[in-house]
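Next come the chains, spelled out residue by residue.
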Amino acid sequence: MSSPAHTWSPAHTVSSPTVSSPTEPSRAEPSLTEPSPTAPPSAESRAPDVLVVGGGVIGLVTAWRSAQSGLTTALVDPEPGGGAAQVAAGMLAAVTELHHGEQTLLALNLASARRYPDFAAELTDLTGHDLGHRRCGTLAVALDADDRSDLRELHALQQRSGLESEWLSGRECRRLEPMLAPGVRGGLRVDGDHQIDPRRLARALVAACERTGVVFHRSWAERLTVGRGERATGVVTADGTVLEAGRVVLAGGSLSGRLAGVPDAVLPPVRPVKGQVLRLTMPRTHAPLLNRTVRAVVRGNHVYLVPRENGELVVGATSEELGWDTTVTAGGVYELLRDAHELVPGITELPLTETRAGLRPGSPDNAPLLGPTELEGLLLATGHHRNGILLTPVTGDVMAQALTTGELPDEALPFTPRRFGAAPARPEPTEQPA
Ligand SMILES: Cc1cc2nc3c(=O)[nH]c(=O)nc-3n(C[C@H](O)[C@H](O)[C@H](O)COP(=O)(O)OP(=O)(O)OC[C@H]3O[C@@H](n4cnc5c(N)ncnc54)[C@H](O)[C@@H]3O)c2cc1C
């Protein structure tokens, strides 16, 4: 571990020159040159109230809402706006993603889904970015008798949970979506499960942060610093820069459990869950191939087709526990195409434009970890697993409240990181991310 070379906190002696490209921040970064001993520290050289580690959608929305709340905010990530959002399908699927035993998570998912229209409008007004928010609904279909009985069970669970979904016969499904295979045996129409383009969302959040005064440090956080009195005080970056802050929010996605310096007792138990995704292009000249998201479970594998207004068709996704491996495999592509073809035979005519794999930040109960930890000054916003795009709006609000009041709002109380005891020891070095 290299020792810190310089700091931008007025509380420390500053000895290194200003950080320069390639880690140059997108806005003016606080000066790192040594201040005159008599001069009062300038506002820019003061440590920010909040430092967010990780610039995926979750770190970005946290930083944006934090800055909007009047807290000076910085964010450290070599590539803000990257992460799992570059791969994700962007389904806002609170109802069709319901699983037995996840009713507590359902409440948070629904709270976020309700926020989406205003959230998207606010982001677009602020940044001018179109987010590809498409209120098209979802159709979950069954291809054989077993699928149909599983889907019936899901329907019953949805009804017990007070959710809106309608059972359709195979013929009714095909009337809605004429390109579906003739073998479809029935389905669930869920008009409230929409979609957004996660890549556009990430870009818009970067722009929103810039406009709200968030300072970007385009580098890697190597280590959390813990000061006297057992309090998180900032991070040391890969080039040895010390970034100090009033509070640190760890939002590193699937890497959140890897930050050195975080005491084991508060280390988030987050693991990478690999997902492979394909992107195809639908011809603009023809009637839309699909009008809404279509999904199914084929031989135990989940498959979905998400049609975007710009002609992109996202086909996903595998779910694999392979550490930090992000290789796109022939088997993964084959299975996705095979299962998608069973649902919508016409897809094999379409150009295949992209194959990619990403990592969901999985947690032991598939729910996020939000808010303060037992280490003073350290908060978590991680573990969003397969719903991080859906949960972006509510996460921003929850984290802003946690940062401004020190308390979680009622809707987020079940997601406190304190629900887990001490995390298991870090994975062996052989499991290090590439
Ligand atoms: C195949 C696939 C399909 C998906 N489909 C959907 C979907 O349809 N709907 C939905 O709601 N969700 C979906 N998701 C889940 C969603 O994409 C994630 O939950 C969400 O993007 C996680 O965001 P994040 O910001 O927590 O983490 P990430 O996106 O992983 O971002 C973490 C960021 O932190 C940075 N970082 C980590 N450690 C450090 C460090 N030490 N220093 C500096 N930076 C650091 C990384 O560089 C990265 O930029 C999908 C995910 C995958 C993989």
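Our subject is the structure that appears above.
Computed from a predicted structure; not experimentally measured.

Calculation notes
- Residues numbered from 1 in each chain as written.
- Predicted model: local features only at pLDDT ≥ 70, side-chain atom pairs only at ≥ 80, totals over all residues.
- Helix = DSSP H or I, 4+ residues; strand = E, 2+ residues; numbered from the N terminus.
- Buried ≥ 20, exposed ≤ 12 C-beta atoms within 10 Å, placed from the backbone.
- Contact = placed C-beta atoms within 7 Å.
- Near = placed C-beta within 6 Å.
- Nonpolar A, V, L, I, M, F, W, Y, C, P; charged D, E, K, R; others polar.
- Domains from an automatic or database assignment.
- Core = buried A, V, L, I, M, F, W, Y, C linked by C-beta atoms within 7 Å.
- Axes fitted to C-alpha atoms, helices over the stretch in contact; angles between N-to-C directions.
- Parallel < 35°, antiparallel > 145°, perpendicular 65-115°, else oblique.
- Left-handed = near helix turned anticlockwise from the far one by under 90°.

Q: Please give an account of the overall build of the protein chain that cites residues and values.
A: Secondary structure assignment for the protein chain yields seven helices and 20 strands. Burial status across the protein chain gives 48% buried among its 434 residues. For the protein chain, the share of sequence-separated contacts (at least 6 apart) that also reach a separation of at least 24 residues comes to 74%.

Q: Could you give an account of the site of the ligand, with specific residues and numbers?
A: The full set close to the ligand counts 43 residues, and Gly-56, Gly-83, Gly-253, Gly-275 and Gly-388 are the nearest of them. Contributions of two or more residues to the shell around the ligand are made by helix H1 (57-68), strand E14 (271-281) and strand E18 (352-362). Residue contributions to the shell around the ligand peak at four residues, all from E18. In the shell around the ligand, the residues fall into 21 nonpolar, 18 polar and four charged. Looking at which domains feed residues into the shell around the ligand, each of domain 1 (6-84 + 200-269 + 365-431) and domain 2 (138-191 + 272-362) gives three or more.

Q: Talk me through the environment of Arg-231; I want residue IDs and the actual numbers.
A: Mapped onto the elements, Arg-231 comes out in strand E11 (residues 231-237). For the pair formed by Arg-231 and Glu-376, sequence separation is 145 residues and the distance between their alpha carbons is 4.8 Å.

Q: Give a detailed account of the environment of Trp-324, specifying residues and quantitative values.
A: For Trp-324, the location among the structural elements is in the loop between strand E17 (312-316) and helix H6 (330-343). A tally of 16 C-beta atoms within 10 Å means that Trp-324 is categorised as partly exposed.

Q: Report on the nonpolar core, specifying residues and quantitative values.
A: One finds Val-53, Val-141 and Leu-205 to be the most contacted residues of the largest nonpolar core, which totals 116 residues. For this core, the leading source of residues is helix H2 (residues 103-127), giving eight residues. Residues from two domains meet in this core; each of domain 1 (6-84 + 200-269 + 365-431) and domain 2 (138-191 + 272-362) gives at least three. Ignoring anything within four residues of it in the chain, the contact list for Leu-205 reads Val-57, Leu-60, Val-61 and Trp-64.

Q: Summarise the packing of H2 against helix H5 (residues 198-212); cite the residues concerned and give the values.
A: Where H2 meets H5, the axes come as close as 9 Å, and the angle between the chain directions of the two elements is 60°. One element, H2, and the other, H5, form an angle in the oblique class. H5 is crossed by H2, and the crossing has left-handed handedness. Residues Leu-123, Leu-126 and Thr-127 of H2 lie in contact with H5, whose contacting residues are Ala-204, Ala-207, Ala-208 and Arg-211. Class assignment for the residues of the contact of H2 with H5 results in five nonpolar, one polar and one charged.

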